[in-house]
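Coordinate analysis (summary)
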Amino acid sequence: SRAESLDRFLREKAAGKGINFMAHSMGGLDCRHLISNINPTEYTPLSLTTIATPHRGSPFMDWCRVSD
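Okay, so let's go over this structure. Computed from a predicted model, the values in this text were never measured in an experiment. (Residues numbered from 1 in each chain as written. Predicted model: local features only at pLDDT ≥ 70, side-chain atom pairs only at ≥ 80, totals over all residues. Heavy atoms only, no water.)

1. Digging into the overall build of the chain
The cut-off we apply is this: Numbered from the N terminus, helices here are DSSP runs of H or I no shorter than four residues, and strands are runs of E no shorter than two. Accessible area is worked out with a 1.4 Å probe on protein chains only. A residue is then buried under 20% of its type maximum, exposed over 50%, and partly exposed in between. Contact definition: two residues touch when any of their heavy atoms are within 4.5 Å. Each accessible area value is a Shrake-Rupley result obtained with a 1.4 Å probe; residue values ignore everything except the protein chains displayed when judging cover. Counting rule for charge: Lys and Arg are taken as positive, Asp and Glu as negative, and neither His nor the chain ends is counted. Taken as the charge location is NZ of Lys, CZ of Arg, CG of Asp or CD of Glu.
Check the secondary structure of the chain and you find three helices and two strands. Secondary structure elements of the chain, listed N to C terminal, follow the sequence α-β-α-β-α. Buried positions account for 21% of the 68 residues belonging to the chain. Long-range contacts, defined here as pairs at least 24 residues apart, represent 76% of the contacts in the chain between residues at least 6 apart. Carbon and sulfur atoms form 54% of the exposed surface of the chain, whose accessible area is close to 5000 Å². Across the chain, the centroid of the 8 positively charged side chains sits 4 Å from that of the 7 negatively charged ones.

2. Some remarks on unusual backbone geometry
Working note: non-glycine residues mostly have negative phi, and peptide bonds are mostly trans. In the Ramachandran plot, N39 falls in the positive-phi region, its phi being about 50 degrees despite a non-glycine side chain. Within the secondary structure, N39 sits in the loop between α2 (26–38) and β2 (44–51). Despite not being glycine, A52 shows a phi value in the positive range, around 55 degrees. Counting through the fold element by element, A52 comes out in the loop between β2 and α3 (59–66). Judged by relative accessible area, A52 falls into the exposed class, the value being 60%.

This is how it looks when you write it as structure tokens:
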């Protein structure tokens, strides 16, 4: 839902423009989902730079889930 909200915002505010995304943590996953699954056409994703984004999941969260 966060990626869909970002897409709605960018369709309104960035129509016809190219966008370079820079995202931290979960925001990187949201932007990756937007680019890969929503496939925007009203604006053009040019790049995605992520910082500390758990692209392969989080071993700590896996540990927390097993410890329940």
